[in-house]
Amino acid sequence: MSKPQDGFVSRFLNRPISRRITRFLLKFPIHPNWWTISIFVLPLIACVFFVRGDYVSIVIGAAIFQAFSILDGCDGEIARAKNLESKFGERLDNFCDFLASLLYVLALGLGLHHSAEGILCAGLITANEWLLRGGKNEMQMVSATLHESFYARHHGMIGHSGLLNFGERFVWWVFQLTKRDMAVLVFLMLALLGLAVWILHLWTIVAAASFIVTAIATLRSGVGHGDVAAREPRS
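Parameters at a glance
Residues numbered from 1 in each chain as written. Predicted model: local features only at pLDDT ≥ 70, side-chain atom pairs only at ≥ 80, totals over all residues. Heavy atoms only, no water. 1 Å grid on protein atoms, 1.4 Å probe; cavity = no way out; pocket = protein on both sides within 12 Å on 5 of 7 lines; lining within 4 Å. Points joined across faces, edges and corners; volume = space filled by probe spheres on them. Helix = DSSP H or I, 4+ residues; strand = E, 2+ residues; numbered from the N terminus. Phe/Tyr/Trp six-rings, centres within 6.5 Å; stacked < 30°, edge-to-face > 60°. Buried < 20%, exposed > 50% of the residue type's maximum accessible area, 1.4 Å probe, protein only. Lys, Arg positive; Asp, Glu negative; His and termini not counted. Salt bridge = Lys/Arg side-chain N within 4 Å of Asp/Glu carboxyl O. Arc of directions from axis to C-beta. pLDDT = per-residue confidence, 0-100. Contact = heavy atoms within 4.5 Å. Core = buried A, V, L, I, M, F, W, Y, C linked by side-chain atoms within 4.5 Å. Axes fitted to C-alpha atoms, helices over the stretch in contact; angles between N-to-C directions. Parallel < 35°, antiparallel > 145°, perpendicular 65-115°, else oblique. Left-handed = near helix turned anticlockwise from the far one by under 90°. Nonpolar A, V, L, I, M, F, W, Y, C, P; charged D, E, K, R; others polar.

A.B. asks: Quick rundown of empty space enclosed by the protein? Include the residues and the values.
C.D. replies: Counted under the stated rule, the structure contains two cavities of 30 Å³ or more. Roughly 60 Å³ of volume is contained in the second largest cavity. Around the second largest cavity, the lining residues are Phe65, Phe68, Asp97, Ala100, Ser101, Tyr104, Arg180, Val184 and Trp203. For the lining of the second largest cavity, the secondary structure elements donating two or more residues are helix 4 (55–81), helix 5 (87–111) and helix 10 (180–192). Counting residues per element, the lining of the second largest cavity draws most heavily on helix 5, at four residues.

Spelled out as structure tokens, the structure:
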């Protein structure tokens, strides 16, 4: 039930737990899309704790997001087990993950009195997602292993950005260390250490770097196809 795109944390921590939960859920007539929507209550609850801003509340909020990260794997596992995979389900899952990320940084920024940084981070996440959705993704990776390690929407960004000039292993490690599953667990550790403000700092840095790389890829892709001015992003 695992996916080749899974990061370290998903593969060795989240998946072993989510698979056990999924085996239980498969006893009931649960649709994967229903599960995706129902667990979105967890980020909402976590944000209530984040806005309080004290140490215990932030740790609880970060722990709830870690639980959400684990349970988020169940919808795909249910879909694969019941042969219910669909483009709509994939888009719904991606949208909920994206919205959860925005809520995380905005609520934490508000709770830590770093609202401006939270808004900046949310803006960078949104801009990067918009560019990824509108970019061309037909360029294939150099190797099949690297190609399978990323979602289709990242293929064009990696291929056109020039990152492969640093080598495939470099690209693979950078993405593994910045995947959402890894980030959520690291953020929980930072919260436990009383370094919650560094969650915002690190996320803003990574979001800014991702946006720059994606913007470069978008420009290079557009120049290569001669349609920088005319191309409209796909929905």
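So much for the structure itself; the text now carries on.
A.B. asks: Report on the packing of aromatic side chains, specifying residues and quantitative values.
C.D. replies: Remark: the centre distance and the inter-plane angle together describe each pair of aromatic rings, the angle taken between the planes. Tallying each qualifying case throughout the model produces eight aromatic pairs. Between Tyr104 and Trp203, the ring centres sit 5.3 Å apart and the planes meet at 65°, which makes this aromatic pair edge-to-face. Of this pair, Tyr104 sits in helix 5 while Trp203 sits in helix 11 (residues 197–225), and the two are 99 residues apart along the sequence. Under the relative-accessibility criterion, Tyr104 is labelled buried at 2%. One aromatic cluster in this structure is built from Phe50, Phe65, Phe68, Tyr104, Phe187 and Trp203.

A.B. asks: A description of the side chain of Glu117 should follow, citing residues and the corresponding values.
C.D. replies: Note on placement: Glu117 falls in helix 6 (residues 115–134). Here Glu117 is buried and forms no salt bridge, its nearest opposite-charge partner Arg180 lying at an N-O distance of 19 Å.

A.B. asks: Could you give an account of helix 9 (residues 168–178), naming the residues involved and the relevant values?
C.D. replies: Residues Val171, Trp172, Phe175 and Gln176 constitute the buried set of helix 9. Down the axis of helix 9, the smallest arc covering the buried residues is 130°, so these residues share one side. In helix 9, the exposed residues that point more than 90 degrees away from the buried face are Arg169 and Leu177.

A.B. asks: Would you mind going over the confidence of the model for the protein in detail, with residue names and values included?
C.D. replies: Detailed reading of the predicted coordinates is not advisable wherever pLDDT is low. For the protein, per-residue confidence averages 85 on the pLDDT scale, and residues scoring 70 or more make up 79% of the total. Mean pLDDT values over the elements of the protein span from 55, in helix 7 (residues 144–148), up to 98, in helix 3 (residues 41–50). Within the model, the stretch residues 137–142 combines pLDDT values under 50 with 18 contacts to residues more than four positions away or in other chains. Of the regions scoring below 50 in pLDDT, residues 226–235 engages in 16 contacts with residues more than four places distant in sequence or in other chains.

A.B. asks: Lay out the nonpolar core with the relevant residues and their values.
C.D. replies: Within the largest apolar cluster, 43 residues are counted, with the highest numbers of intra-cluster contacts made by Phe50, Phe65, Tyr104, Leu108, Ile125, Ile199 and Trp203. Not counting the four nearest positions on each side in its chain, Ile199 is found in contact with Tyr104, Leu108, Phe187, Leu190 and Ala191.

A.B. asks: How would you explain the packing of helix 3 against helix 5 if you had to name every residue and give the values?
C.D. replies: Taken N-terminus to C-terminus, the directions of helix 3 and helix 5 make an angle of 15°; their axes are 8 Å apart at the nearest point. Considering their axes alone, helix 3 and helix 5 lie roughly parallel with respect to each other. In this structure, the crossing between helix 3 and helix 5 has a hand that is right-handed. Residues Pro43, Leu44, Cys47 and Phe50 of helix 3 form the contact with helix 5, whose participating residues are Ala100, Leu103, Tyr104, Ala107, Leu108 and Gly111. Each residue belonging to the contact of helix 3 with helix 5 can be placed in one class, and the counts come to nine nonpolar, one polar and no charged.

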